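These are the residues of each chain, in order.
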Amino acid sequence: MPRLFTAIEVANDVGHQLNKLFPRTEQIPVQGVKHITVRFIGNVTEAEASAIELELISVNVKPFNLMLAGCQFFKSRGAKSILVTSVIPTGALTDLHQLISRVLLHRGIKSEERTYVPHITLARISRPSDALMDSLLAKGKSVSTELSVTGFVLYCAEHEPTPIYIKRREYIFTKLNG
């Protein structure tokens with residue numbers, strides 16, 4: 001069963017910039033594909049995945065920009081902490097999230113119960129020390145960059161042993177700014 005989500009791809013230059021802040025070590029396994037999840041879908045049948053893939057074509061907004069600012073930690077199940085770059089929410093991002101959610105609701109996929117907090121996952125760290133967390137947060141204060149959003153992607157996630165994201169389809173915005 002495909003495990004799907006929609007996301008905004010992070011440009012390679014921005015991803016490389018973020019990776020330089022947090023060098024890959026055994027203790028800090030850096031997240032490979034940088035993205036901003038727009039809407040988690042979950043496990044669906046292949047037939048449902050194909051239908052969702054086609055219906056998402058209807059989602060179209062004007063291209064927009066997002067600001068990345070600073071870092072924080074999210075707690076995860078178990079002893080892992082997730083280091084993320086904060087994304088400053090905008091009306092355009094909220095509109096995109098709502099449009100995708102409407103398409104999914106039409107397909108019978110309920111809205112998420114938790115509040116949408118846009119972010120980019122940088123690393124999943126098992127049992128980080130306070131000193132490591134403080135060091136990473138201090139480095140993360142320097143994160144301040146703009147990201148141009150011209151579309152979104154439907155990803156399929158596989159989690160063995162670390163997350164792997166396979167691009168299922170890309171959707172490019174065709175509305176003109178002006």
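These notes cover the structure that comes with them. None of the values given here were measured: they were computed from a predicted structure.

Scoring rules and cut-offs
- Residues numbered from 1 in each chain as written.
- Predicted model: local features only at pLDDT ≥ 70, side-chain atom pairs only at ≥ 80, totals over all residues.
- Heavy atoms only, no water.
- Helix = DSSP H or I, 4+ residues; strand = E, 2+ residues; numbered from the N terminus.
- Contact = heavy atoms within 4.5 Å.
- Areas by Shrake-Rupley, 256 points an atom, 1.4 Å probe, with all protein chains shown as cover.
- Core = buried A, V, L, I, M, F, W, Y, C linked by side-chain atoms within 4.5 Å.
- Buried < 20%, exposed > 50% of the residue type's maximum accessible area, 1.4 Å probe, protein only.
- Phe/Tyr/Trp six-rings, centres within 6.5 Å; stacked < 30°, edge-to-face > 60°.
- Arc of directions from axis to C-beta.

## Examining the overall build of the chain
What the chain contains, in helices and strands, is 4 helices and 8 strands. The order of helices and strands in the chain, counted from the N terminus, is β-α-β-α-β-β-α-β-α-β-β-β. In the chain, of all internal contacts separated by at least 6 residues, the share reaching a separation of at least 24 is 79%. Carbon together with sulfur atoms contributes 52% to the accessible area of the chain, which is approximately 9,900 Å² in total.

## Topic: the nonpolar core
Judged by nonpolar contacts, the single largest core of 42 residues is most densely connected at Ile 8, Leu 56, Phe 64 and Leu 96. Not counting chain neighbours up to four residues away, the residues in contact with Leu 96 comprise Ile 8, Val 38, Val 59, Phe 64, Phe 152 and Phe 173. Counting 6 residues, the second-largest nonpolar core is a separate cluster that includes Phe 5, Ala 7, Ala 157 and Tyr 165.

## Some words on the side chain of Ser 86
Relative to the elements of secondary structure, Ser 86 occurs in strand β4 (residues 80-88). Setting aside residues up to four positions removed in sequence, Ser 86 forms contacts with Met 67, Leu 68, Ala 69, Gly 70, Gln 72 and Pro 118.

## As for the packing of aromatic side chains
Summed over all chains, the structure comprises 6 aromatic pairs. An angle of 85° between the planes, with centres 5.3 Å apart, marks the rings of Phe 5 and Tyr 165 as edge-to-face. Of this pair, Phe 5 sits in strand β1 (residues 3-9) while Tyr 165 sits in strand β8 (residues 163-172), and the two are 160 residues apart along the sequence. Neither residue differs from the other here; Phe 5 and Tyr 165 are each classed as buried. Arranged with centres 6.2 Å apart and planes meeting at 40°, the rings of Phe 152 and Phe 173 form a pair that is tilted. One end of the pair, Phe 152, is in strand β7 (residues 151-159); the other, Phe 173, is in the segment after β8, and 21 residues separate them in sequence. Across the pair, exposure class does not vary: Phe 152 and Phe 173 are buried alike. Among the aromatic residues, those joined into a ring-pair cluster are Phe 64, Phe 152, Tyr 171 and Phe 173.

## So, helix α4 (residues 130-140)
Inspection of α4 places Leu 132, Met 133, Leu 136 and Gly 140 among the buried residues, and these make up the whole buried set. The arc that holds every buried residue of α4, seen down its axis, measures 100°, which confines them to one face. Exposed and facing more than 90 degrees away from the buried side of α4 are Asp 130, Ala 131 and Asp 134.

## Comments concerning the environment of Gly 15
Along the chain, Gly 15 turns up in helix α1 (residues 12-21). Here Gly 15 falls in the buried class, since its relative accessible area comes to 7%. Spatially, the C-alpha atom of Gly 15 lies 8.8 Å from that of His 35, the residues being 20 residues apart in sequence. Residues within four places of Gly 15 in sequence aside, it is in contact with Val 10 and Lys 34.

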